[in-house]
Amino acid sequence: MSIRHGLLALLERGQMYGYQLRAAFEESTGSTWPLNIGQVYTTLNRLERDGLVRSLPEHEGGQRPYEITDAGRADLALWFVTPISRNDRPRDELSIKLALALTTPGVDVRAVVQTQRSATMRTLQELTRLKYTSDRPEDLPWRLVLDAMMFQAEAEIRWLDHCETSLVRHRPAAPTARSGSPPEVVDRADEEAHR
Amino acid sequence: MTGPDCAVLELRDVHRTHGDGEAAVHALRGVSLTVRPGELVAVMGPSGSGKSTLLTLAGGLDRPTAGEVLVEGEQLGALNGRRLARLRRRRIGYVFQDLNLLGSLTAVENIALPLELDGVGVRQARRAALAALDEVSLTGLGARFPDQMSGGQQQRVAIARALVGERRLVLADEPTGALDSQTGEAVLHLLRRRVDAGAAGVLVTHEARHAGWADRVVFLRDGVMVDSTAPLTGVEHLLSGSGR
């Protein structure tokens with residue numbers, strides 16, 4: 001997601017100035033995505049340049065509120081109806097790291113898997129604790145964000161379990177057992193122990 | 001106070017081998033674990049890693065080949081059968097995947113049974129069982145037989161039976177079984193609440209989502225503890241390295 005669509009969605013509720021937008025953004029993401037005020041104003045400037053928001057006269061306190069334009073509303077509506085493509089997300093560093101670990105001499109792949117699993121498990125524990133302690137009805141949007149993060153952590157752990165099982169099953173086989181087998185995933189630690 | 005004195009469960013270099021010679025299976029190979037009041041520890045690992053063996057040893061249902069198991073400072077290996085059975089009834093609650101509810105007893109009778117076996121009067125046992133039913137939100141269903149209840153309700157009866165009385169150690173082996181995710185979460189919530197109230201808990205699971213409820217997660221592989229997450233909160237855990 002882009003910050004710009006987040007800000008547009010917030011401005012759809014009504015006009016707001018920078019600090020209000022930042023607070024509302026963090027509240028609706030349960031502080032899982034902290035923004036600095038500079039990011040908020042940079043984004044507002046771009047949105048204004050593109051005609052999606054307009055700035056209003058300053059308040060007496062020197063705060064300049066912004067409001068969403070019709071073009072901004074259309075952009076926001078389009079965002080809500082368009083699924084997010086996986087290709088738009090950053091490359092998954094972890095899967096690349098593991099793939100490289102398998103082919104880099106001297107790397108203990110099982111240790112890489114376990115270290116990551118413990119770290120992700122720890123994250124999942126923290127998320128579970130947060131969810132367990134936020135059960136007010138008004139916490140629902142934030143709980144849904146938490147749920148998404150929990151499902152992602154869980155999926156990563158399942159994938160790591162799967163990697164570990166694959167490493168165990170695909171030990172370097174005796175020469176006779178190699179024919180016709182699919183590309184092997186080799187645990188370097190085991191390979192070295194066998195030498 | 002810190003250290004083993006306040007541990008509810010302590011495993012010291014525990015080994016468990018089944019069979020001998022070439023056919024020997026080493027289910028656990030030198031596992032040490034300390035669980036304190038208010039702490040829920042999840043044990044994760046692939047099938048055959050020794051998770052369930054660890055739990056049966058912790059609960060005194062099996063004896064280690066070597067090493068010691070202590071519950072509230074008492075060495076289980078030093079107890080005779082009668083005293084061990086009493087300690088299990090009084091201090092340890094189990095929740096298993098297969099519920100082991102007695103079909104010929106009502107929910108409240110199932111829950112009261114361990115107390116009655118322990119010599120608690122029928123009325124007092126019933127009162128405690130009703131309180132445990134309340135705790136698992138089954139108020140009013142005490143007169144039902146297991147086959148008159150849903151799977152989720154039966155599991156909550158099993159939890160109530162594990163929690164009834166003053167059980168200080170709650171051991172759970174895949175306690176959410178085949179329950180749907182909402183009901184499963186409710187079961188874990190109950191376990192968490194009892195632990196927060198001062199019990200010590202050990203949860204064996206292969207589901208990361210369930211292990212997320214724990215204060216600490218330990219990973220077993222081939223009978224060895226290979227890693228552990230840092231305790232989630234509380235400096236008292238950080239003062240002793242024996243849990244690792």
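Residues numbered from 1 in each chain as written. Chains lettered and ligands numbered in written order. Predicted model: local features only at pLDDT ≥ 70, side-chain atom pairs only at ≥ 80, totals over all residues.

An unreviewed UniProt entry lists chain B under the name Putative ABC transport system ATP-binding protein, from Micromonospora matsumotoense.

Labelled according to an unreviewed UniProt entry, chain A appears under the name DNA-binding transcriptional regulator, PadR family, originating from Micromonospora matsumotoense.

### Quick word on the overall build of chain B
For chain B, the helix and strand inventory stands at eight helices and ten strands. Computed over C-alpha atoms, the radius of gyration of chain B comes to 18 Å, within 12% of the 18 Å expected from 2.2 N^0.38 for 244 residues, which places it in the range of a compact globule. Summarising its shape, the C-alpha atoms of chain B cover approximately 50 × 45 × 40 Å along the three principal directions. The buried share among the 244 residues of chain B stands at 45%. At a minimum sequence separation of 6, the contacts of chain B that also span at least 24 residues come to 67%. (Helix = DSSP H or I, 4+ residues; strand = E, 2+ residues; numbered from the N terminus. Rg over C-alpha atoms; globule rule 2.2 N^0.38 Å. Buried ≥ 20, exposed ≤ 12 C-beta atoms within 10 Å, placed from the backbone. Contact = placed C-beta atoms within 7 Å.)

### Describing the interface of chain A and chain B
Contact with chain A, which involves 16 residues of that partner, is made by 15 residues of chain B. For the side of chain A that touches chain B, the elements supplying multiple residues, two or more each, are α6 (109–132) and α7 (140–169) of chain A. Element by element, the count of residues in the side of chain A that touches chain B is highest for α6 of chain A, at eleven residues. Looking at side-chain class alone, the side of chain A that touches chain B contains six nonpolar, five polar and five charged residues. (Nonpolar A, V, L, I, M, F, W, Y, C, P; charged D, E, K, R; others polar.)

### A few points about unusual backbone geometry
All names here are of chain B. The phi dihedral of Ser 137 falls on the positive side, at around 60 degrees, and the residue is not glycine. Turning to its location among the elements, Ser 137 is positioned in the loop between α4 (122–135) and α5 (151–163). Despite not being glycine, Asp 222 has its phi angle at roughly 50 degrees, a positive value. Tracing the backbone through its elements, the reader meets Asp 222 in the loop between β9 (216–221) and β10 (224–228). By the C-beta count within 10 Å, which is 15 here, Asp 222 ends up partly exposed.

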